[in-house]
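Examining the three-dimensional arrangement
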Amino acid sequence: MTQLTKILPISAIILDEEIYPRKGIDHRRVGIFAENIRDNFKFDPIEVEPVPGRPGKYRLLDGAHRWSAYKSTGTEKIKVIIKDLDGYDPLLYAATKAIGPKQLTEDEARATARRVYTKNSSLSSINIGKAIGRARRTVDTYIADLRAAIHMDMDIKVFRMNRLGIPQDRIAKRLGLVRTSLHYHLSKMAALPNSTNADLSRGFTIAQVAQKHGWTDPMVWSLALEDKDDLERFTKLDWGLRTWDLWQWSDCDKRFGDDWPGRIPAQLIAHILFYFSKTNDLILDPMAGGGVTPDTCLALNRRCWAFDMMDRIETRPEIEPCNWSLPSDEKLSWPISSKEKPDLIIFDPPYFNKKAGDYDKKSISGLSKKEYLEFLETFFVLLRHNVKKTTRFAFINADWRNFQNTPAAEEIYKGGILINDYLDILKKTGWYHTHIIQAPMSSQRFNAGVVSAMQKKRILGVTSRYVIILKQMG
Ligand SMILES: C[S@@+](CC[C@H](N)C(=O)[O-])C[C@H]1O[C@@H](n2cnc3c(N)ncnc32)[C@H](O)[C@@H]1O
């Protein structure tokens, strides 16, 4: 921790309740200090730190009573010590300082311990106790319920990631757990579903059980369908199985995946899994977005490694953060080292020129047509080098034509990116298609006014989307 002594205007200093360990200011004490100031008594400088996100403002770490007394006597500038806590919790530091002159009350100590632990659950009771002037055991009782809830939350995250077949070293890294803690959580995995299963057998619905136990719906489905085969699972999930190569649904199944730009129906993923993978196979989704692939894998008992540039550790710990598009002079690299390789890749990238504004700036959706196709080419090679000879590849993409402004008869050859352009790149990079399945997008996003204008101008719209299934030769 470093520090700097400075004279600051008193108006630049604030009392931030977030990091103040006491219930309130003791006005009697302020009155005594104010008298001392008038008598020219010299106090030690108060301690402050810069307020995050508010340049020029400082918040009190120590000396709230002295600061109040200075204000009440009309003092305009005071000497302060500006602290850099270097990552140390400011509330904990403020508590350590507060107990110097006067112990925290029972209420204040309990509230401070709970606030500090809620912000940073890796703090030990001993360290919290030292800061607030209480024994470890007392702190344990203050935070017992919070600790149990955090452990349960961690158990559920570990359970989900473990069920999806994510290797232990990656689970530990993703959840910030040391090996021993991970093993402690893993040791509870066999018994963890007991109460959930008990509620299922009592006839509660999936949604009720999920809500009661803090599980996601797909995890409860994964337990409820444990002994079922794929066909039975389709029936239970109410997914009518399509027998032909036209897969179309009017809506996404809201139980699987999050509301996400470019979300695809879980039914579509389920059909890819049904036809092109087996129970317990390992599925890779390199741009998993709202998580529809891992969710559907849970429902159909496949393992799944999912990645995306958007990191959502709290709600989607199973989607590991990864940005595939490196600056063009660097080579794309594979994010994991593992002997195990996927049996099936499901790749649903942002479609060209769509939703660029909805994703992160670094998303491939912001690329020019040339860059987008170059990215795909490099990426397909990268995939081939990092999977098995037998790995299947499901590539989902849509035709893109600039139809919004151009009557159909005026569109030019190579004016867009069509399915054959993708097929050319795929073949060039060693991927050969076995199936082209039509899975059109809904045209409902166009309202009647837009449709009528298109008809007047003889514009031919695009809803074509395809699932291209590929293999490598040999
Ligand atoms: C079409 S969305 C996937 C939607 C997903 N299948 C679903 O139904 O929720 C494409 C995803 O690609 C991700 N993405 C785009 N560029 C990326 C990159 N360079 N590296 C990693 N992820 C990227 C975006 O964040 C977005 O979530």
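Sequence order as written defines the numbering, with residues in each chain counted from 1. Given that this is a predicted model, residues contribute local features only at a pLDDT of at least 70 and side-chain atom pairs are listed and counted only at 80 or more, while totals for whole chains, interfaces and linings are drawn from all residues. Side-chain numbers come from the whole structure's heavy atoms, not from hydrogens or water.

1. Considering the overall build of the protein
Going by this rule: Starting at the N terminus, helices and strands are each numbered in turn, a helix being any DSSP run of H or I of at least four residues and a strand any DSSP run of E of at least two. We compute the radius of gyration from the C-alpha atoms alone; for a globule the expected value is 2.2 Å times N to the 0.38, where N is the number of residues. Exposure is judged per residue with a 1.4 Å probe applied to protein chains only, and the accessible area is read against the type maximum: over 50% gives exposed, under 20% gives buried, and values in between give partly exposed. In this analysis, two residues are considered to be in contact whenever any of their non-hydrogen atoms come within 4.5 Å of each other. Shrake-Rupley sampling with a 1.4 Å probe provides the accessible areas, and residues are treated as covered by the protein chains on show and by no other component. Counting rule applied: Lys, Arg positive; Asp, Glu negative; His and chain ends not counted. To locate a charge, take atom NZ for lysine, CZ for arginine, CG for aspartate or CD for glutamate.
Within the protein one finds 17 helices and 12 strands. Taking 474 residues into account, the globule formula puts the C-alpha radius of gyration at 23 Å, and the protein, at 30 Å, lies well above it. A principal-axis box enclosing the C-alpha atoms of the protein has dimensions of 90 × 55 × 45 Å. The proportion of buried residues among the 474 residues of the protein is 48%. Counted over contacts in the protein with a minimum sequence separation of 6, partners at least 24 positions apart contribute 70%. When the accessible surface of the protein is summed, it comes to about 24,400 Å², and 52% of that surface belongs to carbon and sulfur atoms. Between the centroid of the 71 positive side chains of the protein and the centroid of its 58 negative side chains there is a distance of 1 Å.

2. Remarks on the packing of aromatic side chains
The line we're drawing: Classification of ring pairs rests on two measures: the distance between centres of Phe, Tyr or Trp rings, Trp counted by its six-membered ring, which must be within 6.5 Å, and the angle between planes, read as stacked under 30 degrees, edge-to-face over 60 and tilted in between. Think of it as a cone above the ring: NZ of Lys or CZ of Arg counts as a charge over the ring if it is within 6 Å of the ring centre and within 35 degrees of the ring normal.
For the coordinates displayed, the defined rule picks out 23 aromatic pairs. With 5.8 Å between their ring centres and 75° between their planes, Phe234 and Trp239 make a pair best called edge-to-face. By relative accessible area, which is 2% here, Phe234 ends up buried. By relative accessible area, which is 6% here, Trp239 ends up buried. Seen in terms of ring centroids, Trp247 and Tyr275 are 6.1 Å apart; in terms of plane orientation they differ by 15°. Their pairing is stacked. Remark: Tyr275 occurs in helix 13 (residues 266-276) and Trp247 occurs in the loop between helix 12 (230-237) and helix 13; sequence separation between them is 28 residues. Note on Tyr275: relative accessible area 35%, which makes it partly exposed. Through a chain of ring-to-ring contacts, the aromatic side chains of Phe307, Trp324, Trp334, Phe347, Phe375, Phe379, Phe380, Phe393, Phe395, Tyr422 and Trp431 assemble into a single cluster. Sitting over the face of the ring of Trp305, Arg170 holds its NZ or CZ atom 4.3 Å from the ring centroid.

3. Concerning empty space enclosed by the protein
The cut-off we apply is this: Residues are called lining when one of their atoms sits within 4 Å of a cavity or pocket point, these points coming from a 1 Å grid over the protein atoms alone, where a cavity is a set in which a 1.4 Å probe fits but cannot get out and a pocket is an open set with protein on both sides within 12 Å along at least five of seven lines. Grid points are joined across faces, edges and corners, and a volume is the space filled by probe spheres set on the points. Classification used: nonpolar for Ala, Val, Leu, Ile, Met, Phe, Trp, Tyr, Cys and Pro, charged for Asp, Glu, Lys and Arg, polar for all others including Gly.
Scanning all chains against the criterion turns up 1 cavity of 30 Å³ or more. Put simply, the largest cavity is a space of about 40 Å³. Among the residues forming the lining of the largest cavity, the class breakdown is 4 nonpolar, 2 polar and 2 charged.

4. Digging into a nonpolar patch on the surface
This is how the line gets drawn: The residues that make up patches have over 30% relative accessible area and no salt bridge, and they are joined within 9 Å when like-charged or within 5 Å when they are Val, Leu, Ile, Met, Phe, Trp or Tyr. Basic side-chain nitrogens of Lys or Arg form a salt bridge, by our definition, when they fall within 4 Å of a carboxyl oxygen of Asp or Glu.
A grouping of Leu231, Leu241 and Tyr275 is seen on the molecular surface, where their side chains present a nonpolar patch of about 250 Å² in accessible area. Topologically, Leu241 is positioned in the loop between helix 12 and helix 13. The class for Leu241 is partly exposed, based on a relative accessible area of 31%.

5. As for unusual backbone geometry
The backbone of Asn40 shows a phi angle near 65°, a positive value even though the residue is not glycine. Structurally, Asn40 can be placed in the loop between helix 1 (27-38) and strand 3 (46-50). Backbone geometry at Arg458 places phi at a positive 60°, although glycine is not the residue there. In this structure, Arg458 sits in the loop between helix 17 (448-457) and strand 12 (465-471). Note on Arg458: relative accessible area 68%, which makes it exposed.

6. Thoughts on the nonpolar core
Our working definition: Definition used in this section: a nonpolar core is a set of buried Ala, Val, Leu, Ile, Met, Phe, Trp, Tyr and Cys residues joined via side-chain atoms within 4.5 Å.
In terms of nonpolar packing, the biggest core is built from 96 residues, with Ile272, Trp324, Phe380, Phe393, Phe395 and Val467 touching the most fellow members. Ranked by residues supplied to this core, first place goes to helix 15 (residues 369-385) with 8 residues. Discounting chain neighbours no more than four positions away, the residues touching Ile272 are Trp247, Ser277, Leu344, Ile346, Ala394, Ile396 and Val467. Counting 22 residues, the second largest nonpolar core, distinct from the first, contains Ile99, Tyr117, Ile128 and Val139.

7. Examining the site of the ligand
Selection rule: To be near a molecule or strand, a residue needs just one of its heavy atoms within 4 Å of it. Counting of polar contacts relies on pairs of N or O atoms within 3.5 Å, with two restrictions inside protein: one atom must be capable of donating a hydrogen and the other of accepting it, and residues adjacent in sequence are counted only when both atoms are side-chain atoms.
Taken together, 23 residues sit near the ligand, with Ile264, Gly290, Asp308, Ser325 and Asp348 positioned nearest. In the environment of the ligand, a nitrogen atom lies 3.2 Å from a nitrogen or oxygen atom belonging to the side chain of Asn323. In this structure, Ile364 approaches the ligand through a main-chain N or O atom, which is 3.1 Å from a nitrogen atom. Contact with the protein chains removes 99% of the 600 Å² of surface that the ligand exposes when unbound. By residue class, the composition of the shell around the ligand is 13 nonpolar, 7 polar and 3 charged.

8. Some remarks on the sheet that holds strand 2 (residues 13-14)
Basically, it comes down to this: Any two strands with at least two DSSP-identified bridges between them are counted as paired. The axes used here are C-alpha line fits, helices contributing only the stretch in contact, and every angle between their N-to-C directions lies in the interval 0 to 180 degrees.
Spatial strand order, 1-5-3-4-2: 5 strands in an open sheet with mixed pairing. Each edge of the sheet is formed by a strand with only one pairing partner; in this case those strands are strand 1 (2-9) and strand 2. Packed onto the sheet, helix 2 (residues 64-72) meets strand 2, strand 3, strand 4 (58-62) and strand 5 (77-84) and runs at close to 125° relative to strand 4. Taken strand by strand, helix 3 (residues 90-98) contacts strand 3, strand 4 and strand 5, and its axis lies near 45° from that of strand 4.

9. Observations regarding the domain arrangement of the protein
We apply this condition: Residue ranges for the domains trace back to a domain assignment, done automatically or taken from a database.
Taken domain by domain, the protein comprises domain 1 (2-102) and domain 2 (225-471). Averaged C-alpha coordinates put domain 1 and domain 2 at centres separated by 55 Å.

10. Quick word on the layout of surface pockets
Counted as a void, the second largest pocket has a volume near 570 Å³. The wall of the second largest pocket is formed by 21 residues, among which Ser121, Ser122, Ile150, Met154 and Leu177 lie closest to the centre. If you list the elements that add at least two residues to the lining of the second largest pocket, you get helix 6 (136-163) and helix 8 (179-187). The leading source of residues in the lining of the second largest pocket is helix 6, at 6 residues.

11. A word on the environment of Val51
In this fold, Val51 is placed in the loop between strand 3 and strand 4. Considered as a pair, Val51 and Ile14 are 37 residues apart in the sequence and their alpha carbons are 8.8 Å apart. With residues up to four places along the chain from it excluded, the contact list for Val51 reads Ile14, Lys57, Tyr58 and Arg59.

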